[in-house]
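# Report on the structure
Here are the chains, one letter per residue:
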Amino acid sequence: MKSAAFDYVRAGSVAEAIARLAADPFGTKLLAGGQSLLPALNLRLSAPALLVDIARLPELAGITLTGTTLRIGAGCTHASLLTAPEIARHAPLIAEALAHVAHPAIRSRGTLGGSLANADPAAELPAVMLALDATMIIEGPSGTRHIKATDFFTGMFETALAADEILIALEIPIRTQRSGFAELARRHGDYAIIGLAATMTADATRLAFFAGGPTAQLAQRAAGALGTGPLNHERIAAACTALAQDLPAHDDPEASASMRLHLARVLLRRVITPWINPSIRTPITA
Ligand SMILES: Cc1cc2nc3c(=O)[nH]c(=O)nc-3n(C[C@H](O)[C@H](O)[C@H](O)COP(=O)(O)OP(=O)(O)OC[C@H]3O[C@@H](n4cnc5c(N)ncnc54)[C@H](O)[C@@H]3O)c2cc1C
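Remember, it's a predicted structure, so these values are computed and weren't measured experimentally. Residue numbering note: each chain is counted from 1, following its sequence as written. Only residues with pLDDT of at least 70 are given local features in this predicted model, and only at 80 or more are side-chain atom pairs given and counted; all residues enter the totals for whole chains, interfaces and linings.

The next subject is the sheet that holds strand β2 (residues 28-31). Any two strands between which DSSP finds at least two bridges are classified as paired. Strands here mean DSSP runs of E at least two residues long; helices mean DSSP runs of H or I at least four residues long; both are numbered from the N terminus. Strand order in the open sheet formed by three strands is β1-β3-β2, with parallel pairing between adjacent strands. A strand with exactly one partner marks an edge of an open sheet, and here the two such strands are β1 (7-10) and β2. Sheet twist, expressed as the average angle between the axes of neighbouring strands with direction ignored, equals 25°. In this sheet, strand β3 (residues 50-53) lies alongside β2 in parallel orientation, the contact comprising four bridges. Bridged to L31 within β3 is D53. Orientation is described by lines fitted to C-alpha atoms, with helices fitted over the stretch in contact, and by angles between N-to-C directions that extend from 0 to 180 degrees.

Written out as structure tokens, the structure is:
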């Protein structure tokens with residue numbers, strides 16, 4: 001199938017892109033890497049009158065570290081983040097997860113902002129942003145908004161972005177922490193059946209599951225059962241039990257709810273158990 005006809009314009013600035021969106025919010029779509037949008041257009045799931053290309057905007061590019069905050073431009077491609085030294089040093093969880101996202105051709109065009117704005121429930125990056133306690137920087141006709149990742153993903157393919165807003169960047173607090181990632185997919189590069197991005201800081205553990213419901217979500221009860229003191233196998237077992245209260249009973253053709261819960265527990269043990277041994281702790285410092 002081919003997409004419906006549309007007009008195309010390359011925006012020269014974020015301000016221009018916002019003005020284009022504001023002129024016709026529901027007939028205009030931003031085009032970043034196109035790796036989710038173009039298939040949707042070709043399947044006629046969406047038929048905008050105008051595509052505004054934001055792929056080359058310098059305002060959406062770059063990674064900067066200011067104090068203990070890492071800012072990543074929404075336009076950074078998956079491939080660039082996989083090899084960025086700032087990511088390897090300060091937020092290796094992002095690169096670890098991106099190695100599971102699709103394949104090199106898709107990663108060379110797909111962007112961080114596109115993946116987060118698309119909010120696919122089975123996508124890796126929304127869960128990573130929940131685990132890293134990221135804040136989204138959003139611009140629209142009324143100015144700039146900062147939204148925590150926990151408030152950004154509102155449902156299946158739904159976010160807190162208004163139709164005339166652009167995700168500009170995200171900010172991650174850099175703390176000494178451990179992080180880990182695991183997913184189960186039928187083949188490497190496929191969307192996951194269930195996945196987990198996890199971090200541990202001095203005062204909190206964040207367990208972000210994806211592909212387990214309509215949106216990536218933090219498993220609060222399981223994290224509470226892990227506690228903040230020294231980890232041991234009993235606490236991990238308690239977290240696995242508590243997980244049943246966190247994950248929605250989500251059946252789909254890939255897996256039944258009970259199978260998914262079982263697999264989520266497998267991932268939880270796989271990611272957290274190595275953290276029992278402090279000698280393999282990987283500090284991430286600013
Ligand atoms: C075969 C295939 C396999 C894939 N496998 C995976 C996978 O395993 N895991 C995974 O996570 N993803 C996967 N993807 C999706 C891929 O990661 C996409 O790159 C990503 O989801 C969207 O990024 P994009 O830059 O291509 O966005 P686009 O497709 O250009 O845009 C997606 C949506 O986001 C909006 N948007 C884009 N940028 C912004 C912004 N800055 N502000 C506001 N709105 C914006 C667009 O208007 C559009 O609605 C796969 C894609 C394909 C084609």
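Here a residue counts as buried when 20 or more other C-beta atoms fall within 10 Å of its C-beta, as exposed when 12 or fewer do, and as partly exposed in between; the C-beta atoms come from the backbone. Extensive coverage of strand β10 (residues 166-173) is indicated by the burial of six of its eight residues. Taken together, the five bridges between strand β5 (residues 69-73) and β10 define a ladder with antiparallel strand orientation. Residue pairing across strands places L70 opposite I172, the latter belonging to β10. As judged from the five bridges shared by strand β6 (residues 135-140) and β10, these two strands associate in the antiparallel manner.

Residues are counted as near a molecule or strand when the C-beta atom, derived from backbone positions, lies within 6 Å of that molecule or strand. As a structural note, the neighbourhood of the ligand is formed by 30 residues, with G33, G110, G113, G114 and A123 the closest of them. Contributing elements (two or more residues each) for the shell around the ligand: β2, α2 (37-42), α6 (104-109), α7 (112-118), α8 (124-131) and β10. The dominant element in the shell around the ligand, judged by the number of residues it contributes, is α7, at five residues. The domain limits used here are those given by an automatic or database domain assignment. Per-domain counts for the shell around the ligand show at least three residues from each of domain 1 (7-53) and domain 2 (58-173).

The next point concerns the domain arrangement of the chain. The domain boundaries assigned to the chain delineate domain 1 (7-53), domain 2 (58-173) and domain 3 (178-276). Taking only C-alpha atoms, the centre of domain 2 and the centre of domain 3 are 21 Å apart. Contact residues are listed per partner, giving 23 residues for domain 2 and 20 residues for domain 3. Counting only elements with at least two residues in the side of domain 2 that touches domain 3, the list comes to α5 (92-98), α8 and β8 (153-155). Per-element tally for the side of domain 2 that touches domain 3: the top contributor is α8, with six residues. Any residue pair is listed as a contact if its two C-beta atoms, each placed from the backbone, are within 7 Å.

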